[in-house]
Each structure stands twice: as C-alpha cells, then as structure tokens.
Amino acid sequence: MKLTKAQYDEIAQFLGHVQPTRQSLRKLKEKFPSQSQSTLLSIFSQEYQKQIKRTHAKHHTAEAIETYYQRYLNGVMKNAAAPILLELANEVELHQTFSICSKLLKWRNSFVKKENINSKEILTKPNTSAGDPDIKDMWYHLMGATCSKVDFAPSLMARIVLERFLQEKEQAIPSKTLINSMLRDPSQIPNGVLANQVYQCTVNDCCYGPLVDCIKHAIGHEHEVLLREMLLEKNLSFIAEDQLRAKGYDKTPDFILEVPVAVEGHIIHWIESKASFGDESSHQAYLQDQFWSYWNRFGPGLVIYWYGFIEELDCHRERGILLKDCFPTDIVTLRHSMAQR
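Residues numbered from 1 in each chain as written. Predicted model: local features only at pLDDT ≥ 70, side-chain atom pairs only at ≥ 80, totals over all residues. Heavy atoms only, no water.

Peer 1: Please provide a residue-by-residue account of the confidence of the model for the protein chain, values included.
Peer 2: Summarising the model, the protein chain shows a mean pLDDT of 84, and 80% of its residues fall at 70 or more. Put simply, helix 7 (residues 133–147) is where the protein chain has its lowest mean pLDDT, 42, and strand 5 (residues 301–305) is where it has its highest, 98. Low pLDDT, under 50, characterises residues 92–101; the predicted model gives this stretch 14 contacts beyond four residues in sequence or across chains. Across residues 117–150 the pLDDT falls below 50, and counting only partners more than four positions away or on other chains, this stretch makes 53 contacts in the model. (pLDDT = per-residue confidence, 0-100. Helix = DSSP H or I, 4+ residues; strand = E, 2+ residues; numbered from the N terminus. Contact = heavy atoms within 4.5 Å.)

In structure tokens, the structure reads:
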C-alpha cells in the first residue's frame, strides 16, 4: 500500500504519543482503519526502532547501567517472581520525566523570584524571559525534553542487566556471542531468576529481541519464496541470490533476470524483495548500501516493498530504480514484444 508523505507523517505523529505496546498497535489500527494492518505494523516497528536509536547512548552510560542493575537486584530481593526487568524497562520514561519536571519546577521558582512575576505568566508568556538568553534557552530545552519519550525496549534492558551480571560473575567482559546465545536460550544463564526475567522480556517485546528477529527473518524468507513462485509462474528465467553468492558476488539482489523485462515502460534486470514499509530513512539507507550498487553492476531494477512505501520516494525511475508494492502484472517480455510485431 502506497502512502503520501502527509499520510505517513500523520501515522508517525500518532505513534510519537503512544507507548510501543500491543495495546498501542490496536489503537493505531482503530485510528487508521483504511490502512493495511501489515503496513501499520511495519511503520509501528520502524518508528519505535528510530526512537530507540535516538536514546540508545544514554542507557549505556556507566551510571545508567549500574542504576538498572541495582534496581534489578533490589527488585528480585523483594519479589523474585515479579517481572522486574520488564517493569524496569517500562518505568524508564517515568523516572526521566520526573527528573526533568523536578528541574523545571526548580527553575520556575528561581525565575519567578528573579523576574518578580506571577508564576502562571510563565505558562502563558514564555517570552517574558526574552531579556535573559540563558533562561530562555533553558525554558525551551526543558519543555522540549519533557515532551519527548525516553522509554527502552525490554529485550535491550535484559541485555544490559545480563551483561552486567556476567561481568560481575566472571570478572571479565562477556563476548557478544555469549550474550546473544543466552538471550536466544535463557536456560543457559547460570541464574534461574535472571533467566526467567530475561525470558519475560524477550516474549513481551514486540519490536526487539531474538524472537522478533526470528519472525522478521521468517517473513522476509516467505516473501522471497513468494516472489520466486511468481517469477516461475510467469516463466521468467532468473538467477537467485544464493547462486550469485556461490559465484563470488558480494552484494547481490534477490533475483537477477537472465532476460530483461519491461515494467511500466522501464527495463528491469533485477528484482529486490523487501518485507517492510519503505519510509524515507530506510529507503535512503537501502539506496546507498544496496540499490545503487545493484544498478551499477547489473543495470536498472525493481524493488518491491511488500508493505508499501511513501509514494514520493519513487523518484528514480528514469535513473533505473523502480518501486512497487506488489508483483507487477503488466510485465512485457522479449517474447511478448516479438509476438506483437
């Protein structure tokens, strides 16, 4: 399903004001009933991942890691059966907001005393502080921070605490391979309580973690199989990605057509399957990392975003990259073209 930039922005704006939970996903579907559920789910996941990337660094400072770990220890000491890590991940935003509001309250009291004005005037006339650039900057910084979201994915919170636990136990920094293995199979964790806590985080995380990664991989493979079947149904001869890699190619599209075809008047040499929604950031990354490399090596091609894309992004047709949200039905083959003659 193709969306205009305005339609996409409306969905993204709505997601900016809700928590990344299954309940929020239901609200999203109710808010935009005319949009495909698969499209909304893909946008939901992508927007949350953008948010996590923006706030990732502050959750990995030494101070933050130690705070999370000590809160986990204190929590399991009180009630080891409670979902401590899951609740901790969901509480992060609340603690950050309280901290910001506390700073804002202290500044307001100081400002009222300094300017000798009514405190309510600050809320209605923030430009009162125009005479003091430092105070004005602090006002907008704190107000902006209060309105932003700072939550963290349960699976990523579990990773932080697990890594800290293993570091304390082994007196060494654990390898990423070990951490990933334990997240995929919590029974490997040498602590039953923590193993259960990690398991609760992974099964309740709808956007991150080994379970989500497995689902995404399966969906991606399913659409590649679907595309292969459609190509075979159209009697189009092709070379698949695994065959190309066996020949030594590094960056390859999913399928290269041995005989080019025409789609909507454009010549197509290759087809790439993307089981996701094509938003601006992901599409630009794909262009830089994949699509232009394919174009440079194999010629013009077609990208199928099965869950839709922002229609304004389909702007490189003349240069040789065509976007579609489904398998094209108007394929013109060389044999068909010769028959018409």
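And the narrative resumes.
Peer 1: Explain helix 2 (residues 22–31) to me, using residue names and the numbers behind them.
Peer 2: Residues Ser-24, Leu-25 and Leu-28 constitute the buried set of helix 2. The buried residues of helix 2 occupy an angular sector of 105° when the element is viewed end-on, so they sit on one face. (Buried < 20%, exposed > 50% of the residue type's maximum accessible area, 1.4 Å probe, protein only. Arc of directions from axis to C-beta.)

Peer 1: Lay out the pairing of strand 5 in plain terms, naming residues and giving numbers.
Peer 2: Judged by how many residues are buried, strand 5 sits mostly within the fold: five of five residues are covered. Alternating residues of strand 5 divide into Gly-301, Val-303 and Tyr-305 and Leu-302 and Ile-304, and every residue in both groups is buried. Bridge count for strand 4 (residues 266–274) against strand 5 is five bridges, and the pairing is parallel. Looking at strand 5, one finds that Lys-274 is bridged to Tyr-305. Between the parallel elements strand 4 and strand 5, the chain passes through helix 13 (residues 280–298) in a crossover that is right-handed. (Pairing = 2+ DSSP bridges. Right-handed = clockwise from strand over helix to strand, strands pointing away.)

Peer 1: Describe in detail helix 9 (residues 176–184), supporting the description with residues and values.
Peer 2: An α-helix turns once per 3.6 residues; consequently, residues spaced three or four apart project the same way. Residues Ile-179, Ser-181, Met-182 and Leu-183 constitute the buried set of helix 9. Looking at the buried positions of helix 9, the neighbouring elements they touch are helix 8 (154–170), helix 10 (192–203) and helix 11 (210–233).

Peer 1: Can you break down the packing of helix 2 against helix 3 (residues 37–55) residue by residue, with the values?
Peer 2: At a minimum axis separation of 10 Å, helix 2 and helix 3 run at an interaxial angle of 130°. Judged on the interaxial angle alone, helix 3 and helix 2 are oblique. Handedness of the helix 2/helix 3 crossing: right-handed. In contact with Ser-24, Leu-25, Leu-28 and Lys-29 of helix 2, helix 3 contributes Gln-37, Leu-40, Leu-41 and Phe-44. Grouping the amino acids of the contact of helix 2 with helix 3 by side-chain chemistry returns five nonpolar, two polar and one charged. (Axes fitted to C-alpha atoms, helices over the stretch in contact; angles between N-to-C directions. Parallel < 35°, antiparallel > 145°, perpendicular 65-115°, else oblique. Left-handed = near helix turned anticlockwise from the far one by under 90°. Nonpolar A, V, L, I, M, F, W, Y, C, P; charged D, E, K, R; others polar.)

Peer 1: Please provide a residue-by-residue account of unusual backbone geometry, values included.
Peer 2: With a phi close to 60°, Gln-171 is a non-glycine residue in the positive phi region. Tracing the sequence through the fold places Gln-171 in the loop between helix 8 and helix 9. According to the relative accessible area criterion, Gln-171 is exposed, its value standing at 66%. At Glu-264, a position not held by glycine, the phi torsion is positive, near 55°. Tracing the chain through its elements places Glu-264 in the loop between strand 3 (255–263) and strand 4. For Glu-264, a relative accessible area of 33% puts it in the partly exposed group.

Peer 1: Can you tell me about the nonpolar core, naming the residues and giving the values?
Peer 2: Formed by 61 residues in total, the largest nonpolar core has its most connected members in Ile-11, Leu-28, Tyr-72, Leu-85, Met-157, Leu-162 and Leu-194. Tallying contributions element by element places helix 8 first for this core, with eight residues. Counting residues in each nonpolar core, the second largest holds 18 residues, with Leu-227, Phe-238, Leu-302 and Ile-304 among its members. (Core = buried A, V, L, I, M, F, W, Y, C linked by side-chain atoms within 4.5 Å.)

Peer 1: An account of the pattern of salt bridges is needed here, citing residue identities and associated values.
Peer 2: All chains considered together, the criterion is met by eleven salt bridges. Among the salt bridges present, the one from Glu-47 reaches Lys-50, with a minimum N-O distance of 2.9 Å. Of the two residues, Glu-47 and Lys-50 both sit in helix 3, three residues apart, roughly one turn of that helix. Residue class for Lys-50 comes out partly exposed when judged on its relative accessible area of 22%. Residues Glu-66 and Arg-164 are paired through a salt bridge, measuring 3.0 Å at the closest nitrogen-oxygen approach. With Glu-66 in helix 4 (residues 62–78) and Arg-164 in helix 8, the pair connects residues that are 98 residues apart, well separated along the chain. Note on Arg-164: relative accessible area 16%, which makes it buried. Sharing partners across several salt bridges, the network here consists of Glu-264, Asp-314, Arg-317 and Lys-324. (Salt bridge = Lys/Arg side-chain N within 4 Å of Asp/Glu carboxyl O.)

Peer 1: Provide a residue-level description of the pairing of strand 4, including the pertinent values.
Peer 2: Here is the key point about a regular strand: its side chains alternate between the two faces of the sheet. A large share of strand 4 lies buried, amounting to seven of its nine residues. Here strand 3 pairs with strand 4 via five bridges, running antiparallel. Residue pairing across strands places Ile-256 opposite Trp-270, the latter belonging to strand 4.

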